[in-house]
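Notes for the structure review
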Amino acid sequence: LQPYFPEGKFKFDQLPFNLANQRGQAAYNLTAPLLSTSLAHFSKVLLFLTSHSEEDRGDLFIGKDEGVLVASKVSEVSDHLHP
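Scope of this entry: the structure provided in the associated data block.

The rules behind each value
Sequence order sets the numbering: in each chain, residues are counted from 1 along the sequence as written. Totals for whole chains, interfaces and linings use every residue, but because this is a predicted model, local features are given only for residues with pLDDT of at least 70 and side-chain atom pairs only at 80 or more, for both listing and counting. Computation of side-chain values covers all heavy atoms of the structure but excludes hydrogens and water. As used in this record, nonpolar core signifies buried Ala, Val, Leu, Ile, Met, Phe, Trp, Tyr and Cys residues forming a set joined through side-chain atoms within 4.5 Å. Remark: exposure states derive from per-residue accessible area (1.4 Å probe, protein chains only) relative to the maximum for the residue type, with buried under 20%, exposed over 50%, and partly exposed in between. Secondary structure follows DSSP: runs of H or I at least 4 residues long count as helices, runs of E at least 2 residues long count as strands, and numbering of each begins at the N terminus. Note on contacts: a residue pair is in contact if any heavy atoms of the two residues lie within 4.5 Å.

Leu 19, Ala 20, Tyr 28, Ala 32, Ile 62, Val 77 and Leu 81 together form the largest nonpolar core, which totals seven residues. Broken down by secondary-structure element, the contributors of at least two residues to this core are helix H1 (22-39) and helix H2 (74-81). Contact partners of Ala 20, with chain neighbours within four places excluded, come to Ile 62, Gly 63, Lys 64, Asp 65 and Val 70.

In this model, Glu 66 sits at a positive phi of 55°, which is unusual for a non-glycine residue. In this fold, Glu 66 is placed in the loop between strand S1 (60-65) and strand S2 (68-72). Using a relative accessible area of 77% as the deciding quantity, one classes Glu 66 as exposed.

Structure follows, in structure tokens:
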């Protein structure tokens, strides 16, 4: 996409998350506002959230806790991402 937005009008960033445990949630809660602040000067922001889903129920994986993948209902994921 960058060729379509010359002169620094495009910013690509990533915000990895592990919301399956308190340590991961704390790290996310520290870094998410920093990303938000860095995007504040843009007039338009396009956000893509990617994750994999649990095959049987379709719940989204939100991270690992003690080496075990943890999935959450789709309706609950936004609560984890924006407390």
